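Residue-level structure breakdown
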Amino acid sequence: MSEVEAAIRAAAPRALAALVRRYDAFDQCEDAVQEALLEAFVRWRQNGVPEQPTGWLISVATRRMMDGWRRDNARRQRELNDFLRAADPAPEDYREDTDDTVRLLVLCCHPALTPASQIALTLRSVGGLTTAEVAAALLVSETTVAQRISRAKRQIAGARFELPTPEEYDVRLRAVLQVLYLIFNEGHTASAGASLQRVDLADEALRITRLLHRSAGGSGEVTGLLALMILTHARRDARTGPGGSLIPADRQDRSRWYADEIAEGTRLVEDALRAGAVGPYQLEAAIAAVHSEADSVETTDWIQIAGLYRLLERVDPSPMVTLGAAVAVAMTEGPDAGIAIVEGLADDRHLGDHHRRLSVLAHLHELAGRPDRARANYLAALERTRNAAEQNYLRERIAHLIK
C-alpha cells in the first residue's frame, strides 16, 4: 500500500464521522467524502500528502456538499449561507474524535440493515475501503456492493448520529460486535477464493475493534472480542505453507506464532474476565488463550477447554459452539464421544450439511481408526467448500487415506 493509499484509508472514516456529526446527513456526507477521495488520489500523488489529510478531506467534501445543495435548491440560498457561516470545517479545526468513529460504527450497524449491508457499509465508511476493495474482500461484484451500500444509506437516512441510549446500548453493541466478528472471520478463513485467509480484511476488523475498545474499554465483551481477534490473528503465518497451502493446528510451527501478540491477547483476556458478567466473546477468548499457551496439540489443556465450552454452551448456545465442544470432548473422552456430538448436529439446518461439520467428523473418524468413514466425510466436505486452500487440504487427506 502506497503512502497516499495509507493516508486515505486512515483519513476517510475520520472525515466522514466528523461531517456526519456536524451535518447529520449520512448519505450526502458519504457521497461528498467519496468525491473528495477521488480528488485526493490525484492531488496527493502530484503534491504529496497534506499535513492534515483528514482536515483536507473535510474541507473538500464540505465544498462538494455545498455545491450540490446550491444546485439542488437555489431558493434556500439564504439558509445555506447561514449554515456555511455557522459551520465552516477548516482543516485546522479538525481534532480526531474516537467517539465520532464509534458513533459512525454504530450507525453503520443499524438494526434496520441486513448483516450483509452492515458489513459492506462498515468496511466502506469506517474501514475506509473503496467499493472495489469491499467487493474484493467479500468476494462479490462491485455492483452488488454498490447496491448494498446505496440501499443501506437510504434505510438509515435520518437516523441519529449519536451513541444509543442506555436502554438500547447492549442491543446495538451486540450488533456492532457481531459485524466486526463476521468481518474478522471472513479474513481469518475466507468462505471462497484461492487463499485460505485474507490478512488485510482481518487486519481491518482488528483495527476497528481497537478503536471501539479505546472508547468502550470498560465492556468485558468488547475487550473479549479484541483479545479473541489478537490471539487468533497471532497464528496467521503458521496457518499456511508454500503456495498458500493449509497447515492444520497439529502440524503448525508454533515458533511462527507472534509471541508479543499472544501476550497482549492473554492480558486482555484477564482484563475481560474481571469486567463482570461473562459473555460469549470473553469465553471464546479464554479458549483461544488456552490454545495459545500450549507447545503442541498434545500438551494443550483440553480439560480446561472442554469446561470453557460447557460454559459457552450455557451462555450462548449455537451449533458452531457445539462443534467446537465436540473436538474438546474427543480429546478428553476419546474420538467416539466427540463423534456422537457431531452426528447429533446432522439435522441442523445451518450446520448439518456444512463442510466444517463434515471435516470435523472425518477427522474424528480418522483418529478413531476408521479410514473408510473418514474418507467418505472428507469427500462430502470437499464437495461443499468453495475455498481452494481447504479443497486442496481435503484432497490431501483423502489421498493419504487411500494409501
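Calculation rules
- The residue numbers shown here count from 1 along each chain, following its written sequence.
- Whole-chain, interface and lining totals are the exception, using all residues; otherwise, since this is a predicted model, local features are given only for residues with pLDDT of at least 70 and side-chain atom pairs are given and counted only at 80 or more.
- The basis for every side-chain value is the complete set of non-hydrogen atoms in the structure, without hydrogens or water.
- Only DSSP runs of H or I reaching four residues or more are called helices, and only runs of E reaching two or more are called strands; each is numbered from the N terminus.
- Contact definition: two residues touch when any of their heavy atoms are within 4.5 Å.
- When charges are counted, neither His nor the chain ends are considered; positive counts come from Lys and Arg and negative counts from Asp and Glu.
- Lys charges are placed at NZ, Arg charges at CZ, Asp charges at CG and Glu charges at CD.
- Within 6.5 Å between ring centres, the rings of Phe, Tyr and Trp (the latter by its six-membered ring) count as paired, and their orientation is classed by plane angle as stacked under 30 degrees, edge-to-face over 60, tilted in between.
- Charge-over-ring placement is defined geometrically: NZ (Lys) or CZ (Arg) within 6 Å of the ring centre, and within 35 degrees of the ring normal.
- A helix is expected to span 1.5 Å multiplied by its residue count minus one.
- Residue burial is assigned from relative accessible area. The probe radius is 1.4 Å, only protein chains are included, and a residue is buried under 20% of its type maximum, exposed over 50%, and partly exposed in between.
- Under this definition, polar contacts are N or O atom pairs within 3.5 Å; protein pairs additionally need one hydrogen-donor-capable and one acceptor-capable atom, and for neighbouring residues in sequence, both atoms have to be side-chain atoms.
- Buried Ala, Val, Leu, Ile, Met, Phe, Trp, Tyr and Cys residues that are joined via side-chain atoms within 4.5 Å together make up what is termed a nonpolar core.
- Every axis in this analysis is a line fitted to C-alpha atoms, fitted for helices over the stretch in contact. Angles between the N-to-C directions lie between 0 and 180 degrees.
- Any angle from 65 to 115 degrees is called roughly perpendicular, while one under 35 is roughly parallel, one over 145 is roughly antiparallel, and all others are oblique.
- Classification convention: Asp, Glu, Lys, Arg as charged; Ala, Val, Leu, Ile, Met, Phe, Trp, Tyr, Cys, Pro as nonpolar; all other residues, Gly among them, as polar.

Time to look at the overall build of the protein chain. Along the backbone of the protein chain there are 19 helices and two strands. For the protein chain, the C-alpha atoms occupy an extent of roughly 80 × 45 × 40 Å along the three principal directions. Of all intrachain contacts in the protein chain linking residues separated by at least 6 positions in sequence, the fraction that spans at least 24 positions is 64%. Computed over 49 positive and 57 negative side-chain charges, the separation of the two mean positions in the protein chain equals 4 Å.

Looking now at the packing of aromatic side chains. Using the criterion set out here, one finds two aromatic pairs in the structure. Both rings, one in W44 and one in W56, keep their centres 5.3 Å apart while their planes meet at 70°; by these two values the pair is edge-to-face. You can see W44 sitting in helix α2 (residues 26-47) and its partner W56 sitting in helix α3 (residues 53-72), a full twelve residues away along the chain. Geometrically, the ring pair formed by Y181 and Y281 is edge-to-face, given 5.3 Å between the ring centres and 75° between the ring planes. You can see Y181 sitting in helix α9 (residues 166-188) and its partner Y281 sitting in helix α13 (residues 280-293), a full 100 residues away along the chain. The residue whose ring lies beneath R235 is W257, and the NZ or CZ to ring-centre distance is 5.2 Å. One residue, R236, lies across the ring of Y258, its end atom 4.2 Å from the ring centre.

Let's shift gears to helix α10 (residues 199-215). Helix length check: α10, at 17 residues, gives a terminal C-alpha distance of 25 Å against a target of 24 Å (1.5 Å per residue), a fit within 8%. Restricting attention to buried positions, one finds in α10 the residues L201, A202, E204, A205, L206, I208, T209, L211, L212 and H213.

Within the secondary structure layout, S117 lies in helix α6 (residues 115-126). A relative accessible area of 2% means that S117 is categorised as buried. S117 has contacts with R148 and A152, leaving out every residue within four places of it along the chain.

Secondary-structure assignment places E298 in the loop between α13 and α14 (302-315). The exposure class assigned to E298 is exposed, which follows from its relative accessible area of 63%. In sequence terms E298 and M331 are 33 residues apart; their C-alpha atoms lie 8.9 Å from each other. Within the structure, E298 has its side chain in polar contact with the side chain of S296 (distance 3.3 Å).

By size, the foremost hydrophobic cluster in this structure holds 98 residues, and its most contacted members are F26, L57 and L212. Of the residues forming this core, the biggest block, twelve residues, is contributed by helix α1 (residues 3-23). Discounting residues that sit within four places of it in the chain, L57 has contacts with A11, A12, A15, A36, L37, A40 and W44. In terms of nonpolar packing, the next biggest core, distinct from the first, is built from 14 residues, L196, A362, A381 and L382 among them.

This part covers the packing of α9 against helix α11 (residues 220-233). In the contact formed by α9 and α11, the axes pass within 11 Å of each other and the chain directions differ by 5°. Taken together, the axis directions place α9 and α11 in an arrangement best described as roughly parallel. Touching L173, L177, L180, Y181, F184 and H188 of α9 are E221, V222, L225, L228, M229, T232 and H233, all from α11. Split into classes, the residues belonging to the contact of α9 with α11 amount to nine nonpolar, three polar and one charged.

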